[in-house]
Amino acid sequence: MHWLRNTWYQVGWSSELEQGEMLSRTVIGTPLVLFRQSNGAVSALLDQCPHRFAPLSMGRLDGDMLVCGYHGLGFEGSGQCALNPHGKISKGLKVGSFPVVEKDTVIWVWLGESEAELDAVPDSSFIEAAPEHGRIYGYMPTKANYQLLTDNILDLSHADYLHPTTLGGMMTNSQFSIEQQGESFVLKWDSEDQAVPGAFAPEIPPPQTGDFSIRVEWHAPARMILHMAAKPHSERGEFTPQSYSPTLHNMTPETETSTHYFYCATRPVNTPPPEVMALITKSIEHAFVAEDKPILEKQQERIGNRDFWSLKPRMLSVDTGPVQVRRLLDKMIEKEQAQSGA
Amino acid sequence: MHWLRNTWYQVGWSSELEQGEMLSRTVIGTPLVLFRQSNGAVSALLDQCPHRFAPLSMGRLDGDMLVCGYHGLGFEGSGQCALNPHGKISKGLKVGSFPVVEKDTVIWVWLGESEAELDAVPDSSFIEAAPEHGRIYGYMPTKANYQLLTDNILDLSHADYLHPTTLGGMMTNSQFSIEQQGESFVLKWDSEDQAVPGAFAPEIPPPQTGDFSIRVEWHAPARMILHMAAKPHSERGEFTPQSYSPTLHNMTPETETSTHYFYCATRPVNTPPPEVMALITKSIEHAFVAEDKPILEKQQERIGNRDFWSLKPRMLSVDTGPVQVRRLLDKMIEKEQAQSGA
Amino acid sequence: MHWLRNTWYQVGWSSELEQGEMLSRTVIGTPLVLFRQSNGAVSALLDQCPHRFAPLSMGRLDGDMLVCGYHGLGFEGSGQCALNPHGKISKGLKVGSFPVVEKDTVIWVWLGESEAELDAVPDSSFIEAAPEHGRIYGYMPTKANYQLLTDNILDLSHADYLHPTTLGGMMTNSQFSIEQQGESFVLKWDSEDQAVPGAFAPEIPPPQTGDFSIRVEWHAPARMILHMAAKPHSERGEFTPQSYSPTLHNMTPETETSTHYFYCATRPVNTPPPEVMALITKSIEHAFVAEDKPILEKQQERIGNRDFWSLKPRMLSVDTGPVQVRRLLDKMIEKEQAQSGA
């Protein structure tokens, strides 16, 4: 499988898991059950009882213990069996457990072979820097390989063609640049005096034109933060760091051909009033669900289970980002697999 | 395929096949068409015309002859072609036919390579020993390997966790024993002074406690008879043989990952009145359809097409029955395959 | 794949493609997008953008150019890229394009390796020889290999058993003959003084009996023209060439196990009034959709992905046509594959 293992994957949003609730979700092919303990901490276990393989998520929570619905074995967040109504509990009676960190309203899980790198949990503090009503959270499961979803964000020119009424219009005319920073990339798109895309019309109403600036950071394996700034062209001056509104685009592989797409668009500064945020939310959801998702899934359908490169895609100038990122990620995965002897 | 071949499989209930009707059902991977002849006897043919492979069950019955719906070839219950509107009938023009025995309201079929053992047709005479209104017949097709369904009956401790409101409550506290008798097993569970499970509450209403005794006979490949006795704990004395109500649990493999589950619960003695039987029926159906079936199918989903033992299940004391039975059945299958040179 | 490549396949009816419309259809495993240009001509391209494999049929037509919905590349009917909003257009930036001929209301496509044989476009001029209200067009996608659909037409005896109320009744009693003409076959069925099938009852009402004559031409790979004549038995004389009403049965493989079935029944002479044509249409659709399609799909299900001959079908006299045709087609495919070195 073409996956990085020693890394943190987003498995959900904090809001998806109230205390006493469970959530079943498969990450890089591994079925997980998440549950929130009484102290608020989240645990992640293999969603498969070691006894007879029933999904533990079909059981129930008894305090901080997850009790299998089939024969009543209870497991702590550590994975250790703590209840066996049928006899002794051997030390070996346990289920796989995975390190979890909850930070910035994101739930992260570590599925790596090496020890979880607690100081490498990604920073998404920009989310909570925005007021609650200035955040648009989304979760869009998509039947496509995660790298197709990465390509989609790293080649924003697609917005002009796929999202003409909401996000697109000025991308193809933008100045583009890309810069590698260690194992990350920063991609930039800048444009001036452009027609204003629909999603920005509530704030920059026509017939004004606009200036736009976008910065996308890519981090392995498939986490991107998109910073976007817009202003009326008539307004003088440069964009300040405060002008940018960040959006998280986090692609977590479920299987080789399906992805959990988590996104969170924020408006930390000059947060529009709720009725404008509602319009922006509608634009974003239309673009993602009605436009991105169908074409990504059809792309995957055409590719089938063939290797992407074996199909000899005809790359364009707009693919600079996607190609450089794919190459770096390939190297990182190869390196990891060489180290693990896999 | 991990199946015993030289054995009788239940393919249906007598009531499923009125005279002049057909029934299409696949047993150990073989598509069968059953039909009832004018003398009442049931025939079983391969449900595939030898001419062009159309299912014969898409045709029609003309007296005792099954006529293919595509080109009009007619076949007798023996499989021999008896009607060819297009020319002569060669001796070789026939379709596979399989020995059928109907006994005790059960229709049995023999798919073995060796000759059908007519004196080995299983005895289910206990069914007709109960009055008609004292029988609860069921058929539950389940997307799981038949051995998972066998395990389910041989480890009744699951009732306490999966069926807490209907059948469970006293199993984990029972005295358990198992005894091999030739190529069969008898498993016993006995308990005293226990809270009364929901399905028994109509007859032993709370706050009374109850005494319970269960005997399960297992016969290869996957036929079980469960004898259950219950009485108020306040009632003195031992259970007599007449106290026990037998239930048939008969698991017929359809494919490697799907099973025809036939069951018949009987109340031969002290048959409750119809309104109580209706409550018991409801309890049983809830337990089977709403509780057993989903967990069995999810177990199968988790196992996928991997070998059960390769997943290294962590066996508990309650698995004594399932494990001994699996081992014996494995040996019987190996022996049969060695003999047939398969 | 068991397909002839250097041949014309019907991909649709003219009426399915208005100007400015697109049609996505897979032929012998190749996804195609068809579109009609402003001069009326039809183009066929691979329905897969060479850039990132999105289906071009998810894009839009801009005049005579098909514009990909993902990144805005535009392609001419020749397949050459004519619009790249992101940079230069290299000569190699193109998508597969396939010769198309529209003739007799049929749209034909050439998917062969060798050059399209323009003088070999099949003749279906009989269609337009009938007045418009005397044509019954049909398209029936069927989940079965195209050769099973060919067999169905070449062994019309099935009508007596599968279509007893509409088309059948007199086939089994017919005189049958078959003649090879180069790489084609002509099959004949003639019968006299027969009960009149339902579909002919509007024109030859009972209790009259009828005389019937059928000629089927088969052309590789799976194109058949069925000429049918019927008259009251009381009417003296022979059938004239004008007595015959031709029907096209054109089977285009979609995949190994699915077929586009195109048919067009015509009544060029003595065209019945519209209300009778409506009855005939109903009979035909009932026979095809409610009777042929289910049995063809179940046949395919029973065969699975096994080779037809490996199942040792028991051939009957009525299979003379199907068997001779399968043998000739096998030879033609083998020859073609040998020549292409595939």
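Since this is a predicted model, take the numbers as computed values, not measurements.

Draft legend 1. Inspection of the overall build of chain A at higher detail. In terms of helices and strands, chain A carries five helices and 18 strands. Split into buried and exposed, the 342 residues of chain A put 56% on the buried side. Pairs at least 24 apart in sequence give 56% of the contacts found in chain A among residues at least 6 apart. Accessible area of chain A: about 14,400 Å², with a carbon and sulfur share of 50%. Across chain A, the centroid of the 28 positively charged side chains sits 6 Å from that of the 42 negatively charged ones.

Draft legend 2. A look at the sheet that holds strand β17 (residues 245–255) of chain A. Residue and element names in this part refer to chain A. If you walk across this open sheet you meet the seven strands as β12-β18-β17-β16-β15-β14-β13, and the pairing is antiparallel. The open sheet has two free edges, formed respectively by β12 (135–142) and β13 (175–181), since each of these has just one partner strand. Strand-to-strand twist in this sheet, taken as the mean axis angle between neighbours without regard to direction, amounts to 15°. Bridging between β13 and strand β14 (residues 184–194) involves seven bridges; their strand directions are antiparallel. Residue pairing across strands places glutamine 180 opposite phenylalanine 185, the latter belonging to β14. The sheet strands contacting helix α2 (residues 146–154) are β12, β14, β15 (210–219), β16 (223–232), β17 and β18 (258–266), and the helix crosses β17 at an angle near 160°. Helix α4 (residues 274–303) contacts β12, β17 and β18 of the sheet and is inclined by roughly 15° relative to β12.

Draft legend 3. Structural context of the relation of the copies chain B and chain A. Under the fitted operation, chain B is carried onto chain A by 0.1 Å of movement along the axis and a turn of 120°, and the coordinates agree to an RMSD of 0.0 Å. Here the transformation between the copies is reduced to the relation of a three-fold axis. Identified as the residue of chain B closest to the rotation axis by C-alpha distance is asparagine 305 of chain B, at 11 Å.

Draft legend 4. Representation of the interface of chain B and chain A in the model. Each partner contributes residues to the interface: chain B has 29 residues there, and chain A has 22 residues. A combined buried area of about 2,100 Å² lies between chain B and chain A, and 60% of that area is made up of carbon and sulfur atoms. Of all residues in chain B, the largest losses of buried area upon contact with chain A belong to Tyr161, Arg302 and Arg314 of chain B, amounting jointly to 35% of the total for that side. Our enumeration of links across chain B and chain A arrives at three salt bridges. Between arginine 302 of chain B and aspartate 47 of chain A there is a salt bridge; the shortest N-O distance is 2.9 Å. Applying the counting rule to chain B against chain A returns eleven residue pairs in polar contact (both at pLDDT 80 or more). Where the side of chain B that touches chain A is concerned, the elements lending two or more residues are α2 (146–154), α3 (159–162), α4 (274–303) and α5 (320–340) of chain B. In terms of residue count, the dominant contributor to the side of chain B that touches chain A is α4 of chain B (seven residues). For the side of chain B that touches chain A, a count of residues per class yields 14 nonpolar, six polar and nine charged.

Draft legend 5. Broad picture of the packing of aromatic side chains. All names here are of chain B. Taken as a whole and judged by the stated rule, the model has 39 aromatic pairs over all chains. Relative to tyrosine 137, the ring of tryptophan 13 lies with its centre 4.7 Å away and its plane at 75°, an arrangement referred to as edge-to-face. With a gap of 124 residues between them, tryptophan 13 in strand β1 (residues 8–13) and tyrosine 137 in strand β12 (residues 135–142) connect regions that are remote in the sequence. The class of tryptophan 13 is buried, set by a relative accessible area of 3%. We classify tyrosine 137 as partly exposed; its relative accessible area is 30%.

Draft legend 6. A look at the sheet that holds strand β11 (residues 106–110) of chain B. All names here are of chain B. Judged by pairing direction, the sheet is antiparallel, and its three strands sit side by side in the order β1-β11-β10 without closing on themselves. Looking along the sheet, the strands with just one partner apiece sit at the ends: β1 and β10 (100–103). Averaged over neighbouring strand pairs, the angle between their axes works out to 30° when direction is ignored.

Draft legend 7. Summary view of the side chain of arginine 25 of chain C. Residue and element names in this part refer to chain C. With respect to the element layout, arginine 25 can be found in strand β2 (residues 22–27). Judged by its relative accessible area of 8%, arginine 25 is buried. One polar contact links the side chain of arginine 25 to the main-chain carbonyl oxygen of valine 11, over a distance of 3.0 Å.

Draft legend 8. Just the pattern of salt bridges, in detail. Going through the model one piece at a time under the given rule, you end up with 33 salt bridges over all chains. Here arginine 267 of chain A ties to glutamate 203 of chain A by a salt bridge, and the two come within 2.5 Å at their closest N and O atoms. With arginine 267 of chain A in the loop between β18 and α4 and glutamate 203 of chain A in the loop between β14 and β15, the pair connects residues that are 64 residues apart, well separated along the chain. With a closest N to O distance of 3.1 Å, aspartate 319 of chain C and arginine 52 of chain B form a salt bridge.

Draft legend 9. Here's a closer look at unusual backbone geometry. Residue proline 206 of chain B is joined to proline 207 of chain B through a cis peptide bond whose omega torsion reads 10°. Phi at aspartate 104 of chain B is positive, roughly 60°, even though this residue is not glycine. Tracing the sequence through the fold places aspartate 104 of chain B in the loop between β10 and β11. Classification of aspartate 104 of chain B by relative accessible area gives buried; the value is 11%. We note that asparagine 270 of chain C has phi near 50°; this positive angle belongs to a residue other than glycine. Within the secondary structure, asparagine 270 of chain C is located in the loop between β18 (258–266) and α4 (274–303).

Draft legend 10. Region of interest: the interface of chain C and chain B. The interface of chain C with chain B comprises 29 residues on the first partner and 22 residues on the second. Both faces considered, chain C and chain B share a buried interface measuring about 2,100 Å² in area, 60% of it formed by carbon and sulfur atoms. Linking chain C with chain B are three salt bridges, by the criterion used here. Connecting chain C to chain B are eleven residue pairs in polar contact (both at pLDDT 80 or more). When contributions to the side of chain C that touches chain B are tallied by element, the ones reaching two or more residues are α2 (146–154), α3 (159–162), α4 and α5 (320–340) of chain C.

Draft legend 11. Seen up close, the pairing of strand β10 (residues 100–103) of chain A. Residues and elements named next belong to chain A. Pairing between β10 and strand β11 (residues 106–110): four bridges, direction antiparallel. What sits directly across from glutamate 102, in β11, is isoleucine 107. Hairpin connection between β10 and β11: a loop of two residues separates the two successive antiparallel strands, and aspartate 104 in this loop has a positive phi of roughly 60°.

Draft legend 12. Layout of the packing of α2 of chain C against α4 of chain C. All names here are of chain C. The N-to-C vectors of α2 and α4 enclose an angle of 130°; their axes lie 10 Å apart at closest approach. The orientation of α2 relative to α4 falls into the category oblique. Here the hand of the crossing between α2 and α4 comes out right-handed. From α2, Leu148, Leu149 and Asn152 reach across to α4, where they touch Asp292, Leu296, Gln299, Gln300 and Ile303. By residue class, the composition of the contact of α2 with α4 is four nonpolar, three polar and one charged.

Draft legend 13. Geometry of the confidence of the model for chain A. Looking at chain A, pLDDT values average 95 and 99% of them are 70 or higher. Listed scores for the predicted complex are pTM 0.94 and ipTM 0.94.

Draft legend 14. Spatial organisation of the environment of glycine 112 of chain B. All names here are of chain B. Structurally, glycine 112 is set in the loop between β11 and α1 (125–129). Residues glycine 112 and tryptophan 8, spaced 104 residues apart in sequence, show a C-alpha to C-alpha distance of 8.4 Å. If we skip the residues at most four places from it in the chain, glycine 112 touches Arg5 and Asn6.

Definitions and cut-offs
- Residues numbered from 1 in each chain as written.
- Chains lettered and ligands numbered in written order.
- Predicted model: local features only at pLDDT ≥ 70, side-chain atom pairs only at ≥ 80, totals over all residues.
- Heavy atoms only, no water.
- Helix = DSSP H or I, 4+ residues; strand = E, 2+ residues; numbered from the N terminus.
- Buried < 20%, exposed > 50% of the residue type's maximum accessible area, 1.4 Å probe, protein only.
- Contact = heavy atoms within 4.5 Å.
- Areas by Shrake-Rupley, 256 points an atom, 1.4 Å probe, with all protein chains shown as cover.
- Lys, Arg positive; Asp, Glu negative; His and termini not counted.
- Charge placed at Lys NZ, Arg CZ, Asp CG, Glu CD.
- Pairing = 2+ DSSP bridges.
- Axes fitted to C-alpha atoms, helices over the stretch in contact; angles between N-to-C directions.
- Least-squares fit on C-alpha atoms with pLDDT ≥ 70 in both.
- Buried area = accessible area lost by both parts, 1.4 Å probe.
- Salt bridge = Lys/Arg side-chain N within 4 Å of Asp/Glu carboxyl O.
- Polar contact = N/O pair within 3.5 Å; in protein donor to acceptor, adjacent residues only side chain to side chain.
- Nonpolar A, V, L, I, M, F, W, Y, C, P; charged D, E, K, R; others polar.
- Phe/Tyr/Trp six-rings, centres within 6.5 Å; stacked < 30°, edge-to-face > 60°.
- Parallel < 35°, antiparallel > 145°, perpendicular 65-115°, else oblique.
- Left-handed = near helix turned anticlockwise from the far one by under 90°.
- pLDDT = per-residue confidence, 0-100.

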